[in-house]
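What follows is the residue order along each chain.
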Amino acid sequence: VNRDSPFGPPLPSTGHQTQQCEYVGERVTLATAETRCEALGLTLCDWRDGPTEDNSCGYNDIHSWLGGKTCNVQVQIHNDGNVGLVHIDSDYPSAAIDSGHEFRVRWAGGAFPRAYDKCSGSSSCIVHGKGCLCDVHVVERAVFTHMPTALQAEQALFISAPDPASTDDYKECTAATCIADGITVFTRGGTEQLTESAVFRVVFNGTRPVFLANKESTVHIADSAFSFRNPAQFMSHADPASRDAAYETEWVLDHLFHHKNTAPFVGHKLIQRLVTSNPSPRYQHVVSRAFIDGTYDGFGSGTY
């Protein structure tokens, strides 16, 4: 269970937790885990509530820019604005300075510390090579405190959430302040108060329903005005797996397939190849609409 999910941590557990594995980083199916626990006279935990007494399986060293953590995490900023995660106390090469593991982020206003002006004078940064090495702190907040429109939610929320139907804690808010066209909000107990734990259901680009967390996570460079949106992490630095890469690739393809430009782009190309090289805007619109709706004049499955 992701402890940082919008559903928050579960109720405190009074049981004893222990890890059982045959080698560091072992992954097993649910059935195998249940069988192994049963053979030891134990039961499988519904969640992992903090660190266990041993870390033999290697699952407690998960690095990310997370708020409220005591570990020493920094950011290495390259001269092109790309960044790298730096964990001073880690032995993992991918979390070290000059690891080569860098990626783009969305800097607020496009501005970031640069080495040529001594990292913009920030007291939390030092010049390192052609870039900067800086201390950071993370701020998480609710994006909306009042009910947004479906378009506002789709444009402002970037963190996906599980289906609220998968938990007993979340109920649909049916108060008058929670009603809006094309969007539904779920909160703990169905309360009308919108916090960062709230989950919105919207139809993404008019194609499919998605669930979005009402949360924004921002990484701030300490003692400066620089910040960037905290990127999602799909691959574990401690225990990378090809499975996680496959999940991320599938998500990217799924996102592109349901992108708002996919229907008009594909429709335009099909018309050019099969009908005419210069279709009218109305013709393109009708074909795009049929692509999204999955039907035209009674023909089709009715799905995107």
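In what follows, the structure referred to is the one given above.
Residues numbered from 1 in each chain as written. Predicted model: local features only at pLDDT ≥ 70, side-chain atom pairs only at ≥ 80, totals over all residues. Heavy atoms only, no water.

Before going further, it helps to examine the pairing of strand 6 (residues 183–188). Summarising the sheet, strand 5 (residues 170–172) and strand 6 pair through three bridges and their orientation is antiparallel. Among the inter-strand pairings, E172 is bridged to a residue of strand 6, identified as F186. Pairing of strand 6 with strand 7 (residues 199–204) involves four bridges; the strand directions are antiparallel. Residue pairing for strand 7: I183 is matched across the bridge by V202. (Pairing = 2+ DSSP bridges. Helix = DSSP H or I, 4+ residues; strand = E, 2+ residues; numbered from the N terminus.)

Before going further, it helps to examine the packing of aromatic side chains. All chains considered together, the criterion is met by six aromatic pairs. With a centroid separation of 5.1 Å and 75 degrees between ring planes, the pair formed by F257 and Y304 is classed as edge-to-face. A residue pair is termed long-range when its members are at least 10 positions apart, and F257 in helix 3 (residues 242–257) and Y304 in the segment after helix 5 (281–293) qualify at 47 residues. When its relative accessible area of 40% is taken as the criterion, F257 is described as partly exposed. Centre to centre, the rings of F291 and Y304 are 5.4 Å apart; their planes meet at 75 degrees, and the pair counts as edge-to-face. With F291 in helix 5 and Y304 in the segment after helix 5, the pair connects residues that are 13 residues apart, well separated along the chain. Three or more aromatic residues joined by ring pairs form one cluster here, namely W107, F112 and F228. One cation-aromatic arrangement involves R229 over F158; the distance from NZ or CZ to the ring centre is 3.9 Å. (Phe/Tyr/Trp six-rings, centres within 6.5 Å; stacked < 30°, edge-to-face > 60°. Buried < 20%, exposed > 50% of the residue type's maximum accessible area, 1.4 Å probe, protein only. Lys NZ or Arg CZ within 6 Å of the ring centre and 35° of its normal.)

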